[in-house]
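Each chain is listed here by its residues.
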Amino acid sequence: MKSDRKKAILDIVSTYEVDTQETLQALLLDRGFNVTQATVSRDIKQLALLKTMSPNGSYKYTIPPKPQETSARLSFKSLYTDSVVSIDRAINIVVIKCYAGMANAVCSKLDAAAYSGVVGTLAGDDTIFVLMREENDAKALMDELSDML
């Protein structure tokens, strides 16, 4: 539900000139999401939405530009999408399951991609353990990697 709501927020902000949290809350309600202003505020913060000036001179919420991806990240994503079966996590450890014989290659590309919060990685034949510094780092990495599958 939360990810569906966040996708709806991104779609709404891309489509409409949303100037206040109350406007966003009303547009979410129109789409069947019964949310409080506090929830909308939290979602805006988590999505890192920006307030920018629109052509008519008023302020509106916008989606922040995506950072330029490095060639190492692009290379990792390509191999990752072709080789990974599933992903899970336990506290601050992310576990990536690959097709047989692919874990070492994916792990090497993961290391080169230099994701923040990664303390170290360990790969077997079909499984990679990624030790993250903090639990929230593990959640962020898992969310990003899950979106790639």
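Overview of the structure. Here the structure is a predicted model, which means the values were calculated and not measured. Within any chain, residue numbers begin from 1 and follow the written order of that chain's sequence. Totals for whole chains, interfaces and linings use every residue, but because this is a predicted model, local features are given only for residues with pLDDT of at least 70 and side-chain atom pairs only at 80 or more, for both listing and counting. The basis for every side-chain value is the complete set of non-hydrogen atoms in the structure, without hydrogens or water.

### Points about the packing of helix α4 (residues 71-83) against helix α5 (residues 103-113)
Part 1: Note on geometry: axes are C-alpha line fits, over the in-contact stretch for helices, and angles between N-to-C directions span 0 to 180 degrees. Each helix corresponds to a stretch of at least 4 residues labelled H or I by DSSP, and each strand to a stretch of at least 2 residues labelled E; elements are numbered beginning at the N terminus. Packing of α4 against α5 leaves a shortest axis separation of 8 Å and a crossing angle of 155°. When the axis of α4 is compared with that of α5, the two are roughly antiparallel. In the crossing of α4 with α5, the sense of the turn from one axis to the other is left-handed. The residues of α5 that touch α4, namely those facing Ala72, Arg73, Ser75, Phe76, Leu79, Tyr80 and Ser83, are Ala105, Val106, Lys109, Leu110, Ala112 and Ala113.
Part 2: Classifying every residue of the contact of α4 with α5 gives nine nonpolar, two polar and two charged. Roughly parallel here means an angle under 35 degrees, roughly antiparallel means over 145, roughly perpendicular means 65 to 115, and every remaining angle is called oblique. What makes a crossing left-handed is the near helix being turned counterclockwise from the far one by less than a right angle; a clockwise turn instead makes it right-handed. Here, residues are in contact when the closest pair of their heavy atoms is within 4.5 Å. In the scheme used here, Gly and all other residues not listed as nonpolar or charged are polar, with Ala, Val, Leu, Ile, Met, Phe, Trp, Tyr, Cys and Pro taken as nonpolar and Asp, Glu, Lys and Arg as charged.

### A short note on the nonpolar core
Part 1: To form a nonpolar core, buried Ala, Val, Leu, Ile, Met, Phe, Trp, Tyr and Cys residues must be joined to one another through side-chain atoms within 4.5 Å. For the exposure calls, accessible area comes from a 1.4 Å probe over protein chains only, and a residue counts as buried if that area is under 20% of its type's maximum, exposed if over 50%, partly exposed in between. Ranked by internal contacts, the top residues of the largest apolar core, which has 21 residues, are Phe76, Tyr80, Ile96 and Leu145.
Part 2: For this core, the secondary-structure elements that each account for two or more residues are α4, β3 (84-90), β4 (93-98), α5, β6 (127-132) and α6 (135-148).
Part 3: Excluding anything up to four places from it in sequence, Leu145 contacts Phe76, Tyr80, Ile87, Ile96 and Tyr115.
Part 4: In this structure, Val18, Phe33, Val35 and Leu47 belong to the second largest nonpolar core, which totals 15 residues.

### Quick notes on the packing of helix α2 (residues 21-30) against helix α3 (residues 37-47)
Part 1: It is the contact of α2 with α3, at a shortest axis distance of 9 Å, that shows an interaxial angle of 105°. Overall, the two elements α2 and α3 adopt an arrangement that is roughly perpendicular. Two secondary-structure elements touch here, α2 through Gln21, Glu22, Leu24, Gln25 and Leu28 and α3 through Gln37, Val40, Ser41 and Ile44.
Part 2: Classifying every residue of the contact of α2 with α3 gives four nonpolar, four polar and one charged.

### Brief notes about the sheet that holds β3
Part 1: Spatially, the four strands line up as an open sheet ordered β3-β4-β6-β5, and their pairing is antiparallel. Bordering the open sheet on either side are β3 and β5 (118-123), each of which pairs with just one other strand. The mean angle between the axes of side-by-side strands here comes to 15°, regardless of whether they run parallel or antiparallel.
Part 2: Strands were regarded as paired on the criterion that DSSP finds at least two bridges between them. Judged from the six bridges that link them, β3 and β4 form a sheet pairing that is antiparallel. Looking at β4, one finds that Asp88 is bridged to Val95.
Part 3: α5 rests against β3, β4, β5 and β6 of the sheet, and its axis sits at about 165° to β5.
Part 4: The sheet strands contacting α6 are β3, β4 and β6, and the helix crosses β3 at an angle near 160°.

### A closer look at the packing of aromatic side chains
Part 1: Only the six-membered ring of Trp is used, alongside the rings of Phe and Tyr, when aromatic pairs are assigned; centres must lie within 6.5 Å, and planes under 30 degrees apart are stacked while those over 60 apart are edge-to-face, with the rest tilted. This model, assessed by the stated rule, comprises two aromatic pairs.
Part 2: Relative to Tyr80, the ring of Phe76 lies with its centre 5.3 Å away and its plane at 45°, an arrangement referred to as tilted. A residue pair is termed a helical-turn pair when its members lie 3 or 4 positions apart in one helix, as Phe76 and Tyr80 do in helix α4 at four residues.
Part 3: What makes Phe76 buried here is its relative accessible area of 0%.
Part 4: An aromatic cluster is present here, built from Phe76, Tyr80 and Tyr115 joined pairwise through their rings.

### Concerning the pattern of salt bridges
Part 1: A pairing counts as a salt bridge when a side-chain nitrogen of Lys or Arg comes within 4 Å of a carboxyl oxygen of Asp or Glu. A full pass over the atoms with the stated rule returns four salt bridges.
Part 2: Across the salt bridge formed by Arg5 and Asp43, the nearest N and O atoms sit 2.5 Å from each other. With Arg5 in helix α1 (residues 2-15) and Asp43 in helix α3, this residue pair connects regions lying 38 residues apart in the sequence.

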